[in-house]
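Read off the chains here:
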Amino acid sequence: MTVLAMSQGELSRFDTLMRVERGELRIEDAATLLGLKRRQIFRLLAGSAKMVPPASCPASAPPGNRRHSDAFREKVVALVREHYADFGPTLAREYLAERHGIRIGCETLRKLMMDAGLWKDCQARRPRPYQPRYRRDCRGELIQIDGSKHCWFEDRGPQCTLLVYIDDATSELMHLRMVESESTFAYMEATRAYIEQHGKPVAFYSDKHSVFRNARASAARGDGMTHFGRALDALNIEIICANSPQAKAGSNGPMPPCRIVW
């Protein structure tokens, strides 16, 4: 008597044959269930008498003869992690063969790198799709506002923030102002200067900086509006906060870089 490890399909076929042996199922019905001929059912019945299925769930198949040892797999992963962590599987495989004399299949190495968190498949590396935001048609209708903290004066002055006002329709630089930090008062002064020069826009488009959006709105008000937002509301100017940097770019591509010449 031989005990064999069976897959789920093999176990189901063995159960069908045992039902035939017990007289619970006819040969013709078993042949229909298994998609076999009558003579094949008789041949299987003759061989099933020598087999005993496992008492519990089917065991997994034994490892193949070509499977690498655990020590070899750990060595490969350690080398890739230490020397080629930013390489793809194909290039890492070439370097392993050239510098370390290790021969391994590209697909095997890819799976090892994925299991170790050193590589992601195409689905995981695919960028998230963003719904394109179409630019406004009229100049001055929507103005993008943002601040950029940088050493604008190099070593000739302290680090400061440049407040930028860009027209959404034309990508035109409408207003620039250097301030110490990206604060509410700085934006209020810059916005006042913009309105005096260009007039009121329909809306300002910004990120979710604390100047524009209160993430922890009080339970009493619960509107999430900041002091800057209330000032714009009094002027009947809408403030729109983008959910992502990609959303601010619009469907016509990202805004051009701001170049300042002193």
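Since the model is a prediction, treat every value here as computed from it, not as a measurement.

The rules behind the values
Residues numbered from 1 in each chain as written. Predicted model: local features only at pLDDT ≥ 70, side-chain atom pairs only at ≥ 80, totals over all residues. Heavy atoms only, no water. Helix = DSSP H or I, 4+ residues; strand = E, 2+ residues; numbered from the N terminus. Buried < 20%, exposed > 50% of the residue type's maximum accessible area, 1.4 Å probe, protein only. Contact = heavy atoms within 4.5 Å. pLDDT = per-residue confidence, 0-100. Core = buried A, V, L, I, M, F, W, Y, C linked by side-chain atoms within 4.5 Å. Lys, Arg positive; Asp, Glu negative; His and termini not counted. Salt bridge = Lys/Arg side-chain N within 4 Å of Asp/Glu carboxyl O. Polar contact = N/O pair within 3.5 Å; in protein donor to acceptor, adjacent residues only side chain to side chain. Phe/Tyr/Trp six-rings, centres within 6.5 Å; stacked < 30°, edge-to-face > 60°. Pairing = 2+ DSSP bridges. Axes fitted to C-alpha atoms, helices over the stretch in contact; angles between N-to-C directions. Arc of directions from axis to C-beta.

The subject of this paragraph is the overall build of the protein. A tally of regular secondary structure across the protein gives 10 helices and seven strands. Each of the 262 residues in the protein was classed as buried or not, and the buried ones make up 28%. Long-range pairs, those at least 24 residues apart, make up 57% of the contacts in the protein between residues at least 6 apart in sequence.

This paragraph deals with the environment of Leu36. Among the secondary structure elements, Leu36 is positioned in the loop between helix 2 (27–34) and helix 3 (38–48). Among all residues touching Leu36, those that are not within four sequence positions of it are Ala31, Ile41 and Leu44.

Below, the discussion takes up the confidence of the model for the protein. Mean pLDDT over the protein: 79, with 75% of residues reaching 70 or higher. Per-residue pLDDT stays below 50 along residues 55–59; that stretch engages in six contacts with residues further than four places along the chain or on separate chains.

Before going further, it helps to spend a moment on the nonpolar core. Grouped together as the largest cluster of nonpolar side chains are 16 residues, with contacts concentrated most on Ile143, Ile145, Leu163, Tyr165, Tyr187, Phe204 and Phe228. At the level of elements, strand 3 (142–150), strand 4 (160–167), strand 5 (173–179), helix 8 (184–198) and helix 9 (227–234) are the ones that each hand at least two residues to this core. Top element by residues in this core is helix 8. It accounts for four residues. Residues contacting Leu163, with those up to four places away along its chain left out, are Asp146, Gly147, His175, Leu176, Arg177, Val179, Glu182, Ala186, Tyr187 and Ala190.

The subject of this paragraph is the environment of Gln197. As for its placement among the helices and strands, Gln197 is situated in helix 8. With relative accessibility at 54%, the residue Gln197 sits in the exposed group. Distance in space between the C-alpha atoms of Gln197 and His175 is 9.0 Å, their sequence separation being 22 residues.

Moving on to the side chain of Arg135. For Arg135, the location among the structural elements is in the loop between helix 7 (122–125) and strand 3. Comment: no salt bridge for buried Arg135; closest opposite-charge side chain is Asp168, at 4.3 Å. A polar contact is formed between the side chain of Arg135 and the backbone oxygen of Asp168, at a distance of 3.2 Å. Here Ser171 takes part through its side chain, which lies 3.2 Å from a polar atom of the side chain of Arg135.

All right, on to the packing of aromatic side chains then. One pass over the full model with this rule turns up nine aromatic pairs. Ring geometry for Tyr187 and Phe228: centres 6.0 Å apart, planes at 55°, overall tilted. Of this pair, Tyr187 sits in helix 8 while Phe228 sits in helix 9, and the two are 41 residues apart along the sequence. Where Phe212 meets Phe228, the ring centres are 5.7 Å apart and the plane angle is 75°; that geometry is what we call edge-to-face. Highlighted residues: Phe212 in the loop between strand 6 (203–206) and helix 9 and Phe228 in helix 9, separated in sequence by 16 residues. With relative accessibility at 4%, the residue Phe212 sits in the buried group. These aromatic residues form a ring-pair network of at least three members: Tyr84, Phe87 and Tyr95.

Adjacent strands of a sheet pair through backbone hydrogen bonds, lying either parallel or antiparallel. Spatially, 5-4-3-6-7 is the arrangement adopted by the five strands of the open sheet, whose pairing is mixed. Looking at the sheet topology across the chains shown, the edges are occupied by strand 5 and strand 7 (238–241). Shown here is a sheet whose adjacent strand axes are inclined to one another by a mean of 20°, direction ignored. As defined by bridge partners, strand 6 adjoins strand 7 across four bridges and the pair is classed as parallel. Counted as the bridge partner of Tyr205 is Ile240 from strand 7. Lying on the sheet, helix 8 is in contact with strand 3, strand 4, strand 5 and strand 6; it crosses strand 5 at an angle near 150°.

Our focus in this paragraph is helix 2. Since one α-helical turn is 3.6 residues long, residues separated by three or four positions face the same way. Those residues of helix 2 lying buried are Ile27, Ala30 and Ala31. Taken end-on, helix 2 shows its buried residues confined to a sector of 100°, consistent with a single buried face. Away from its buried face by more than 90 degrees, helix 2 exposes Thr32 and Leu33. Directly beyond the C-terminal end of helix 2, a positive phi value near 70° is found at Gly35.

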